[in-house]
Structures are given as C-alpha cells and as structure tokens.
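As a plain string of letters, each chain reads:
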Amino acid sequence: MRLAIKKGREPAVKKRGAAVKMRKLTAIAMMLALMLAALTGCSSISDGDKKDLIVVGFSQVGSESSWRVANSESMKQALSEEEGFELIFDDAKQKQENQYKAIRMFIQQQVDYIVLAPITENGWDDVLAEARQAGIPVIIVDRQVDVSNENLYTTWVGSDFLEEGKMATEWLGQELDKRGRSGENINILHIRGTEGATAQIFRTQGLQDAVDENPNWNIVRTLDGEYTEAKAYEVTKEYLEKIRDTGEKIDVIYSENDNMTFGVLKALDEEGIEYGGEEGIIVISFDAVKSSLERCLAGDITLCVECNPLHGPRVANLIRSLEAGDVPQKKSYIIDTFFSAESITEEMIKERPY
Ligand code: AHR
C-alpha cells in the first residue's frame, strides 16, 4: 500500500478546497517521513526532486495481450519521473471491480489526474462522478466509456475500431475478387474479444456490416476468446473437434486480436487444417504486433490490421496541455493501417517497436 503523499504542486483544474486539504496532508506526510528518516537513518522521500511531479493514477485493463503489454510499457515510459510525472500503475487483471477499487484509491490519494483504460464501456457513471466530485480530471485511453454525462471525463484518445473493421472487410472483398471467389459462399469463423469492450463492439460491427452487404458471406460461428491466446485456443479446439467429420468448411477466420489468432492457429495445427498462403483459410488478425507481422511474412496470417498501442506520449501531452490551461478535443482518434501477406517486408517488421 503506498502512502498518500501529495507533491508540492496543484493541478490547474483542481478545486481549491481539495488543494488546501492536500497541502495539509502533504505537511503531515512530510513530517511523518522526516520522523521516520530520523529514526531509521534513511529518507523515503526526496522532496527536493519530487515536489514538482504531476501525480497520475493509471488503471490498466490487465496484461491479456502483447498489445496490452506494449501499451503499459509506453505509459510507464511517458509518465516517468524523468518526464515530470509520478505514475501510480494499477493492473485490474481484466476485472471491472478492480478498476473501481483503483479509481477510489486514486481519489483517496488525491492524485492530480486519473487515467482509465476501461475494460468494457458500461458501468462507469458512479465512480467517474466520484472523481469529478473530488475535482480530479479523468483521461480515458484506448477503449471508451458509455456514460450518461460526457462531462464525467475530460478527454479520450485511442483507435477507431470501426475503421479497423472496415479496413479488414474491404480488404477481404478485394482479396476474394482477386482470387476469383467473389461469387462463392464464404464461411467466416469469428473469434470475438471481450464482450462490451469498444474494440470488440466495433470490430464486430465492421464484420457484421460487411456480412449484411454481402449475402454470400456467412458467420458460421462466433467464439468468445476474451482477447487471450489460451481462451481462443480452448474454444477453437472444442469447435474444430465438433465439426471434424461434418464437412463444415471455414474460408475465413476473423480474429479480433493477435493473441487470440495465435491460439486459433495452434488449434488448426493440431487438427491438421491448412491456413494462410494461396489455398488455406484466409486469416485476418487485429493489432499487428511484431510476432504477428512475422507470421504474416511467413504467410500464416493473411492480413494484420494495425491497432497502435503507444498511447503513453499522447496521454502525457494531453496532461501537459491541461496543465497549460488548454481544453483538448473530447475525442482524439489515431490513424491505423494494415499489412497483408503480400505487402509485408522484413524492414517493416524491423521498424516495429513492439
Ligand atoms: O482495446 C484494444 C485491444 O485490447 C487490443 O486489440 C487487444 O489486443 C487488447 O487486449
């Protein structure tokens, strides 16, 4: 448990009452620390160095995917002491209750900013109202929140997940055309991410919209992979065993993140089912982390749709602009791209930092 030590600075948008209370707490904490230092002979607070740091509490989803690990790393680097921040990082282990607890702890600690990467969109009204009541600005990152009042958070930054879904399905239409298969019945196995997460809602919508537009495309099954390799492997393996002798064919796998794709490919390998290349199942994956791009170059994954996880510098800049008294846009969408087995190169993979 960390000590709620408030640094000797005040956030631009913080309420006056809270700031006064904060100073009192700081003084008490400093006194306690000095007494402790006198007793133990060592100091736990380097007050000279730390007093100007902006204190940020970050509630992270978990560490379910390579994307998430890269995202956490980016946040830690950009919100480091060298950059002028003190980061309190909390891993919610994919549980919304843990995110509630973390946010309430940040409020108690009177951090300057709360950053929230929400697991799902719903269920945020109460806890965000508490943060607002305490005068702490909340920055939402990656997935979004569906709240009754948009003023419950200050700003959001992340990917346009519907655009990602559109990129994937438009590419698929063109690819089927190129392969002379646009008139065929196309069976799609859909591997879905955590239900209710923005990335899931809109990547699924992108697929559903395309299926509605193409009467010969069918979603033969939707399996819940919860964005993890282990779960996707388990549900795909079970599904493949069920259809083993039925003659049911799969033409396309639409997998809503790379780690789930790795689990699916493992299950396909075990069943001896061909994927990738010119003849095998067309595999579409989201995120485009380095290990996925490598499998794309090898021809196993046919399309990698990018979802850039490097939000740390974006969040740091948003905080800096709030500190400067600016009002950032309510929502900032970043631009993603895609890589196909045909277009990917060694150089592109080398350039990938995650
Ligand atoms: O919200 C972004 C998604 O969450 C990424 O696609 C996935 O890998 C992560 O777990």
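Residues numbered from 1 in each chain as written. Predicted model: local features only at pLDDT ≥ 70, side-chain atom pairs only at ≥ 80, totals over all residues. Heavy atoms only, no water.

Confidence along the chain averages 91 in pLDDT terms, with 86% of residues attaining 70 or more. In this model, residues 11–21 is a region of pLDDT below 50 whose contacts with residues beyond four sequence positions or in other chains number 20 contacts. Taken together, the stretch residues 40–45 has pLDDT below 50 and engages in 9 contacts with residues farther than four places along the chain or on a different chain. (pLDDT = per-residue confidence, 0-100. Contact = heavy atoms within 4.5 Å.)

Moving on, we come to the packing of aromatic side chains. Inspection of every chain in the model, using the stated rule, returns 4 aromatic pairs. For the ring pair Tyr100 and Trp124, a centre distance of 5.6 Å and an interplane angle of 80° mean the geometry is edge-to-face. In this pair, Tyr100 is assigned in helix α4 (residues 96–108) and Trp124 in the loop between β3 (113–116) and α5 (125–133), connecting sequence segments 24 residues apart. Pairing Tyr254 with Phe286 gives two aromatic rings, centres 5.2 Å apart and planes at 70°, and the pair type is edge-to-face. Residue Tyr254 is found in strand β8 (residues 252–255), and its partner Phe286 is found in strand β9 (residues 282–287); the two are separated by 32 residues along the sequence. The cationic tip of Lys76 hangs over the ring face of Phe89; the distance from NZ or CZ to the ring centre is 4.3 Å. (Phe/Tyr/Trp six-rings, centres within 6.5 Å; stacked < 30°, edge-to-face > 60°. Helix = DSSP H or I, 4+ residues; strand = E, 2+ residues; numbered from the N terminus. Lys NZ or Arg CZ within 6 Å of the ring centre and 35° of its normal.)

A word on the sheet that holds β3. The parallel open sheet is built from 6 strands, whose spatial order is β2-β1-β3-β4-β5-β11. For this open sheet the edge positions go to β2 (85–91) and β11 (331–334), each flanked by a neighbour on one side alone. Looking at each pair of strands side by side, their axes are set apart by 15° on average, direction ignored. Relative to β2, strand β1 (residues 54–60) is paired through 7 bridges, and the arrangement is parallel. Bridge pairing links Gln60 to Asp91 in β2. (Pairing = 2+ DSSP bridges. Axes fitted to C-alpha atoms, helices over the stretch in contact; angles between N-to-C directions.)

Relative to the assigned elements, Ser292 resides in helix α10 (residues 290–297). Judged by its relative accessible area of 0%, Ser292 is buried. Within the structure, Ser292 has its side chain in polar contact with the side chain of Asp258 (distance 3.0 Å). Excluding anything up to four places from it in sequence, Ser292 contacts Asp258, Phe262, Ser285, Ile301 and Cys304. (Buried < 20%, exposed > 50% of the residue type's maximum accessible area, 1.4 Å probe, protein only. Polar contact = N/O pair within 3.5 Å; in protein donor to acceptor, adjacent residues only side chain to side chain.)

Their axes nearest at 7 Å, the elements helix α3 (residues 66–78) and helix α11 (residues 312–323) cross at an angle of 40°. With respect to α11, the axis of α3 lies oblique. Both α3 and α11 take part in a crossing whose hand is right-handed. Only Gly312, Pro313, Val315 and Ala316 of α11 make contact with α3, whose side of the interface consists of Ser74, Met75 and Ala78. For the contact of α3 with α11, a count of residues per class yields 5 nonpolar, 2 polar and no charged. (Parallel < 35°, antiparallel > 145°, perpendicular 65-115°, else oblique. Left-handed = near helix turned anticlockwise from the far one by under 90°. Nonpolar A, V, L, I, M, F, W, Y, C, P; charged D, E, K, R; others polar.)

As a further point, take the packing of helix α6 (residues 161–178) against helix α7 (residues 198–213). For the pair α6 and α7, the least separation of the axes is 7 Å and the interaxial angle reads 35°. The element α6 and its partner α7 pack so that their crossing is right-handed. Seen from α6, the contacting residues are Phe161, Leu162, Glu164, Gly165 and Thr169; seen from α7, they are Thr198, Ala199, Phe202, Arg203, Gln205, Gly206, Leu207, Asp209 and Ala210. Taken together, the residues of the contact of α6 with α7 sort by class into 6 nonpolar, 5 polar and 3 charged.

Moving on, we come to α7. The end-to-end C-alpha distance of α7, which contains 16 residues, comes to 22 Å, matching closely the 22 Å that a straight helix rising 1.5 Å per residue would cover. Regarding α7, the residues found buried are Thr198, Ala199, Gln200, Arg203, Thr204, Gly206, Leu207, Ala210 and Val211. Lining the buried residues of α7 we find α6, β6 (186–192), β7 (217–224), β8 and β9. (Expected span 1.5 Å × (residues − 1).)

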